[in-house]
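Chain by chain, the residues:
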There are 2 protein chains.
Amino acid sequence: MRILVVEDDDRVARGLVTALRHAGYDVRRVATGAAALRAAPADVVLLDLGLPDVDGLDVLRRLRRSESTAVIAVTARGEERERVTGLRSGADDYVVKPFGTAELLARIEAVLRRTRAARATAPDHPVLRVGELELDTGARTAAVSGQPLSLTRKEFDLLALLAARAGSVVLRDHIVDQVWHATWEAPSRTLDTHVAALRGKLGGRLRIETVRGVGYRLVAVDG
Amino acid sequence: MRILVVEDDDRVARGLVTALRHAGYDVRRVATGAAALRAAPADVVLLDLGLPDVDGLDVLRRLRRSESTAVIAVTARGEERERVTGLRSGADDYVVKPFGTAELLARIEAVLRRTRAARATAPDHPVLRVGELELDTGARTAAVSGQPLSLTRKEFDLLALLAARAGSVVLRDHIVDQVWHATWEAPSRTLDTHVAALRGKLGGRLRIETVRGVGYRLVAVDG
DNA sequence: CGACGACCATGCGCATCCTCGTCGTCGAAG
DNA sequence: CTTCGACGACGAGGATGCGCATGGTCGTCG
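Residues numbered from 1 in each chain as written. Chains lettered and ligands numbered in written order. Predicted model: local features only at pLDDT ≥ 70, side-chain atom pairs only at ≥ 80, totals over all residues. Heavy atoms only, no water.

A. Structural context of the domain arrangement of chain A. On domain assignment, one finds that chain A holds domain 1 (2-120) and domain 2 (125-220). When each unit is reduced to the centre of its C-alpha atoms, the spacing between domain 1 of chain A and domain 2 of chain A is 31 Å. (Domains from an automatic or database assignment.)

Pasting the structure below:
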């Protein structure tokens, strides 16, 4: 489980990181909002709203674009109004310094309990089959009709996501969230590019259909 | 959205109920743990852990057996150790009296955001059948008598809505709400246009009937 | 260092799709 | 029968979303 600590005060940050590492989490720490957005994704982000470079609430809102990331806001100020706007902006929880390590850990667990369901990837089905396609999500290998195909990382992630919901439409936003862990806003043609690459590699036995305005759907072609 | 308030102090309870009702929730209130377990299910339970009849933590654990119910623990005691055990027992959040109404509402919203997201991850994508019409809401495909038909986004959403209530009238306002996610209605022929398009594509086996001044109704034509 | 592959951003072209206005028609109420 | 409001049938316009080609960035490896 990966936790990102966004905190500009070195002393506070070090204490947090140590405590979280000790609790068994994979912890990263950054000091600025910009770095936080770059360092995503994480399962939980501990976000100090009193950052020097940018508006903390803005960072919060961007982080929360990814459904699978939970955000716990942390501040020194204890005003109720601040807490309310923080929560309203999408924070899953809001704690005020100073706080106890045990409570923070308990709150992290509570948040994780709730977001676990929203996280994807079923580790119990490592091999996906759709028609002639076979994806080994453990070994990250793919083959069509026994012929191995070489996929790049993004291509594989994308195909695995589509294959896991074969026959159903997968929403564009959901793909962007899961494969790119995106925090970006401007509509980008990046996803299309990768879909095009996959279509080229898949050949005739599998088809990625476009559902305009919604997303994509992977189907096997019988023949 | 349904909220259950579990609180033995009448005065506090009344205040809570009023505030929550005012915020638009469907609120129920009980005074004991036993009654709380009987009154479930609810989307959110505000649980006072200082109940007279039973151990609050025990009630909490039982309520949390239902995945879709969120629990916010409320107590008068502010000890960190209490908060930790409350959260560890499965509470989604933990607030200490006295607390502000605005913050409580914000925390309820935050919790609901998460449980809703968890539900949206495993959504129901039923296959709707009306006469010869078959709509696969997961794949977003439609067919009449086995013949696939190609529908645009709005057309599909609209038809799915009508098909889900096949045989009964769906109000114009409700359609606008669900398909356009707007409460708009500057007089415009947009909805009519899409209905007309659907009628053209459906052919003779299905009919969309107009109920003047009310809405539309989808019916199968037996032939 | 230089080449290379993977990835990301951007812009254009194109095919729809949506919207909304006008006008004619229909239905219900009086 | 008349009147009035609601609906149906068009027909553009403008907006939207997608495919593809291109150029740039970054990290890796020889």
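B. Expanded view of the nonpolar core. All names here are of chain A. Core analysis: the largest hydrophobic core is formed by 29 residues, its most contacted members being Ile 175 and Leu 218. Going through the elements one at a time, strand E6 (127-130), strand E7 (133-136), strand E8 (141-144), helix H6 (153-164), helix H7 (172-180), helix H8 (190-202), strand E11 (206-211) and strand E12 (215-220) are the ones with two or more residues in this core. At seven residues, H6 tops the list of elements feeding residues into this core. Excluding residues that lie within four positions of it along the chain, Ile 175 makes contacts with Leu 158, Leu 161, Leu 162, Val 170, Trp 180, Leu 191 and Tyr 216. (Core = buried A, V, L, I, M, F, W, Y, C linked by side-chain atoms within 4.5 Å. Buried < 20%, exposed > 50% of the residue type's maximum accessible area, 1.4 Å probe, protein only. Helix = DSSP H or I, 4+ residues; strand = E, 2+ residues; numbered from the N terminus. Contact = heavy atoms within 4.5 Å.)

C. Representation of the packing of H6 of chain A against H7 of chain A within the structure. Residue and element names in this part refer to chain A. Interhelical geometry of H6 versus H7 gives an angle of 130° and a closest axis separation of 10 Å. In terms of orientation, H6 lies oblique with respect to H7. The two elements H6 and H7 meet at a crossing, and its hand is right-handed. Taking contact as the criterion, the partners of Lys 154, Asp 157, Leu 158, Leu 161 and Leu 162 in H6 are, on H7, His 174, Ile 175, Gln 178, Val 179 and Trp 180. (Axes fitted to C-alpha atoms, helices over the stretch in contact; angles between N-to-C directions. Parallel < 35°, antiparallel > 145°, perpendicular 65-115°, else oblique. Left-handed = near helix turned anticlockwise from the far one by under 90°.)

D. A look at the protein's contact with DNA strand D. As a structural note, the neighbourhood of DNA strand D is formed by 21 residues, with Arg 189, Thr 210 and Tyr 216 of chain A together with Thr 210 and Arg 212 of chain B the closest of them. The sugar-phosphate share of atoms of DNA strand D within 4 Å of the protein amounts to 61%. Arg 212 of chain B has a polar side-chain atom sitting 2.4 Å from a base nitrogen of DNA strand D. Looking at the surface near DNA strand D residue by residue, the class counts come to four nonpolar, six polar and eleven charged. (Near = heavy atom within 4 Å. Polar contact = N/O pair within 3.5 Å; in protein donor to acceptor, adjacent residues only side chain to side chain. Nonpolar A, V, L, I, M, F, W, Y, C, P; charged D, E, K, R; others polar.)

E. Inspection of the pairing of strand E5 (residues 93-96) of chain B at higher detail. All names here are of chain B. The pairing of strand E4 (residues 70-75) with E5 spans four bridges and is classified as parallel. Considered in E5, the bridge of Thr 75 is made with Val 96. Each parallel crossover has a hand, and for E4 linked through helix H4 (residues 80-88) to E5 it is right-handed. (Pairing = 2+ DSSP bridges. Right-handed = clockwise from strand over helix to strand, strands pointing away.)

F. The UniProt feature "modified residue: 4-aspartylphosphate" (unreviewed entry) in chain A, seen in detail. All names here are of chain A. Look at the UniProt record and you will see "modified residue: 4-aspartylphosphate" (unreviewed entry) annotated at Asp 48. As for its position among the elements, Asp 48 is in strand E3 (residues 44-48). When neighbours within four sequence positions are excluded, Asp 48 is seen to be in contact with Val 6, Glu 7, Asp 8, Val 74, Thr 75 and Lys 97. (UniProt positions renumbered as here; feature names shortened; annotations may be inferred.)

G. View of the sheet that holds strand E8 (residues 141-144) of chain B. All names here are of chain B. Pairing within the open sheet is antiparallel, and its four strands lie in the order E6-E7-E8-E9. On the outer flanks of this sheet lie strand E6 (127-130) and strand E9 (147-149), each paired with one strand and no other. Averaged over all adjacent pairs, the angle separating strand axes in this sheet is 20°, with direction ignored. Contacts from helix H6 (residues 153-164) reach E6, strand E7 (133-136) and E8 within the one sheet, and its direction differs from that of E7 by about 115°.

H. Highlighting the interface of chain A and chain B. Contacts between chain A and chain B engage 36 residues on the former and 34 residues on the latter. When the buried area of chain A at its contact with chain B is split by residue, Leu 87, Arg 113 and Arg 114 of chain A rank highest and sum to 25% of it. Our count for the chain A to chain B interface comes out at eight salt bridges. One salt bridge in this structure joins Glu 103 of chain B and Arg 83 of chain A, with 2.7 Å as the shortest N-O distance. Counting every contact that joins chain A to chain B gives 20 residue pairs in polar contact (both at pLDDT 80 or more). Breaking the side of chain A that touches chain B down by element, the ones donating at least two residues are helix H4 (80-88), strand E5 (93-96) and helix H5 (101-115) of chain A. Among the elements that take part in the side of chain A that touches chain B, H5 of chain A stands out by supplying eleven residues, more than any other. In terms of residue class, the side of chain A that touches chain B is built from 14 nonpolar, eight polar and 14 charged. (Buried area = accessible area lost by both parts, 1.4 Å probe. Salt bridge = Lys/Arg side-chain N within 4 Å of Asp/Glu carboxyl O.)

I. Layout of the sheet that holds strand E11 (residues 206-211) of chain B. All names here are of chain B. Read across the open sheet, the three strands follow the order E10-E12-E11; overall the sheet is antiparallel. Edge positions in the open sheet fall to strand E10 (170-171) and E11, since each of these has one partner strand only. Pairing of E11 with strand E12 (residues 215-220), which is carried by six bridges, proceeds in the antiparallel orientation. Its bridge partner being in E12, Ile 208 is matched across the sheet by Leu 218. On top of the sheet, helix H8 (residues 190-202) reaches E11 and E12; it is set at about 150° to E11, its chief contact.

J. Broad picture of unusual backbone geometry. Cis rather than trans, the peptide bond between Lys 97 of chain A and Pro 98 of chain A has omega equal to -5°. Structurally, the position occupied by Pro 98 of chain A is in the loop between E5 and H5. With a phi angle near 55°, Arg 140 of chain B is a residue other than glycine that sits in the positive phi range. Its place among the elements puts Arg 140 of chain B in the loop between E7 and E8. One non-glycine residue, Ser 145 of chain B, adopts positive backbone phi at about 55°. With respect to the element layout, Ser 145 of chain B can be found in the loop between E8 and E9.

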